[in-house]
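These are the residues of each chain, in order.
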Amino acid sequence: MKPLRVLIVDDSAVMRKIVERTLRGAGVAINKVFEAGDGEAGLTVMRDNSIDLVLSDINMPKMNGLEFVKHLRAGEGPKVPIVMITTEGGEGGVLEAISHGANGYIRKPFTPDQIEAQLKRIFEATN
Amino acid sequence: MSTQTISVEPITCPQCKTLLNPVSHAVSHPVPPPAAHRSAEWIPLIRSAVQEVFEKMLGCEVVDRDAAPLEKSDLSAMVGLAGELVGMMAVCCDKPAACAVAGRMLGEEPPEIDDCVRDALGEVCNMVAGSFKARVPGLEKGCSLSVPTVLTGADYRLHSLAGVVHFAVSFSFDGLPFWITLDLHE
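Reading the values: rules and limits
Each chain carries its own residue numbering, running from 1 in the written order of its sequence. The order in which chains are written sets their letters, starting at A; the order in which ligands are written sets their numbers, starting at 1. Reporting of local features is limited, given that this is a predicted model, to residues whose pLDDT is at least 70; pairs of side-chain atoms are given and counted only at 80 or more, and all residues count toward the totals for whole chains, interfaces and linings. Side-chain metrics in this entry use all non-hydrogen atoms of the structure; hydrogen atoms and water are not considered. Each residue carries a pLDDT score, the predictor's confidence in it, ranging from 0 to 100. Runs of E in the DSSP output that reach at least two residues are strands. Runs of H or I that reach at least four are helices, and both are numbered from the N terminus. In a helix, the anticipated span is given by 1.5 Å times the number of residues less one. When a residue's accessible area, from a 1.4 Å probe over protein chains only, is under 20% of the maximum for its type it is buried; when over 50% it is exposed; and in between it is partly exposed. For every element, the axis is a line fit to its C-alpha atoms; helices are fit only across the contacting stretch, and the angle between N-to-C directions ranges from 0 to 180 degrees. Small angles under 35 degrees read as roughly parallel and large ones over 145 as roughly antiparallel, with 65 to 115 read as roughly perpendicular and the rest as oblique. Should any heavy atoms of two residues lie within 4.5 Å, those residues are considered in contact. All residues other than Ala, Val, Leu, Ile, Met, Phe, Trp, Tyr, Cys, Pro, Asp, Glu, Lys and Arg, Gly among them, are scored as polar; the first ten of these are nonpolar and the last four charged. By this definition, two strands are paired if DSSP reports at least two bridges between them. What gets called buried area is simply the loss in accessible area from a 1.4 Å probe that two parts show on being joined, summed for both. For salt bridges, the criterion is a side-chain nitrogen of Lys or Arg within 4 Å of an Asp or Glu carboxyl oxygen.

1. Some thoughts on the confidence of the model for chain B
Residues and elements named next belong to chain B. Per-residue confidence for chain B gives a mean pLDDT of 79, with 73% of residues at or over 70. Put simply, helix H1 (residues 22-28) is where chain B has its lowest mean pLDDT, 39, and helix H3 (residues 95-106) is where it has its highest, 95. For this predicted complex, the interface confidence comes out at an ipTM of 0.85, alongside a pTM of 0.82.

Given below as structure tokens:
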């Protein structure tokens, strides 16, 4: 697999750093990491750049992760894999995000193994 | 006419262990039981949630402490709960512990309380609240979390209002104490 251009959307700068570090720790080949603090900023990054993978929080100010997914899937262009990273479990917001087109979710706190397994599943399903 | 004697066994509430009038029990103890009666059930869940967050995200173990609740702390990160459980969970600690939390999450420890330290403590609180919620049967779907809020400075005290049950659980990591508090509306 070619090195990925990854967008991480989370209102916590600390969490964005941890997600990036965990991705690298899981052995994911990364070309470049883009960061956004909310859904609106995430959409701007998506408009201006070619992205291979999106990891997004749900509970964010301004535009939350659910709205972000809705806008992203409503747009034209390639269906980039979207993974929700959230403290919420398998109910409520996560299921809503998946119904709007997210490909999967990872619950915080997470380990590199959990991220690796989820990404492997998603890329196998989308390719 | 013969008489029949019926013996009535005393009924003890499974939550508070007090003797109950079986007729009024259903009225005075609606289901689910009051939060105060669930401390024995919930405190182990808080401990498990804290252990999971610190092991996975900070790469360290926490030690349970029996210390009295902290009355003042340099930082308090809070997350609100709404829905079937209404209240607030908080992580309270002094500056050294807060900076060490950020250091473990970022790989470099800030010397002073800054945005990174506040952000890190808020995320820890958020994850502990989420992990706790996931461990309470039936709560996963019926309870929402707010975005974290962080208070800084030692010159404040948090006061619980009437009708609020307060739990406080103390831990340490790397020898640094911190507290998790949970305030729930009855």
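Here the narrative resumes, following the displayed structure.
2. Digging into H3 of chain B
One turn of an α-helix holds 3.6 residues; hence residues three or four places apart share an orientation. Residue and element names in this part refer to chain B. In this model, H3 (12 residues) spans 16 Å end to end at C-alpha, consistent with the 16 Å of a helix rising 1.5 Å per residue. Among the residues of H3, Ala-97, Ala-98, Cys-99, Ala-100, Val-101, Ala-102, Gly-103 and Met-105 are the ones counted as buried. Immediately beyond the C-terminal end of H3, within one or two residues, lies Gly-107, with a positive phi of roughly 90°.

3. Remarks on the packing of helix H1 (residues 13-25) of chain A against helix H5 (residues 112-126) of chain A
Two numbers describe a pair of packed helices, the interaxial angle and the distance between the axes. Residue and element names in this part refer to chain A. One can describe the packing of H1 onto H5 by two numbers: an axis separation of 8 Å at closest approach and a directional angle of 75°. In terms of their interaxial angle, H1 and H5 are classed as roughly perpendicular. Counting all contacts with H1, which are made through Thr-22, Leu-23 and Gly-25, the residues of H5 involved are Pro-112, Ile-115 and Leu-119. Considering only residue class, the contact of H1 with H5 consists of 4 nonpolar, 2 polar and no charged.

4. Brief notes about the pairing of strand E5 (residues 87-93) of chain B
All names here are of chain B. Of all the 7 residues making up E5, 6 are buried; the element is thus mostly covered by neighbouring parts of the structure. Of the pairings in the sheet, the one linking strand E4 (residues 75-83) to E5 comprises 7 bridges and is antiparallel in character. In the strand pairing of E5, Gly-80 is matched with Met-88. Hairpin connection of E4 to E5: 3 residues between the antiparallel strands. Inspection of the sheet shows E5 paired to strand E9 (residues 176-185) by 7 bridges, in the antiparallel sense. Bridge pairing in E9 places Met-89 opposite Leu-182.

5. Remarks on the interface of chain A and chain B
With 20 residues of chain A in contact, the opposing surface of chain B contributes 24 residues. Roughly 1800 Å² is buried in total at the junction of chain A and chain B, and carbon and sulfur atoms are behind 57% of that figure. Residues Lys-108 of chain A and Glu-123 of chain B are paired through a salt bridge, measuring 3.3 Å at the closest nitrogen-oxygen approach. Ranked by residue count, the leading element in the side of chain A that touches chain B is H1 of chain A, at 6 residues.

6. Here we look at helix H4 (residues 115-135) of chain B
Helix length check: H4 of chain B (21 residues) gives 30 Å between terminal C-alpha atoms against 30 Å at 1.5 Å per residue, within 8%. Taken across its 21 residues, H4 of chain B has 16 buried, putting it largely inside the fold.

7. Describing the packing of H1 of chain A against H4 of chain B
In the contact formed by H1 of chain A and H4 of chain B, the axes pass within 8 Å of each other and the chain directions differ by 75°. Considered as vectors, H1 of chain A and H4 of chain B are oriented roughly perpendicular to each other. Mapping the contact onto sequence places Ala-13, Val-14 and Met-15 of chain A in H1 of chain A and Cys-116, Asp-119, Ala-120, Glu-123 and Met-127 of chain B in H4 of chain B. Considered class by class, the residues forming the contact of H1 of chain A with H4 of chain B number 6 nonpolar, no polar and 2 charged.

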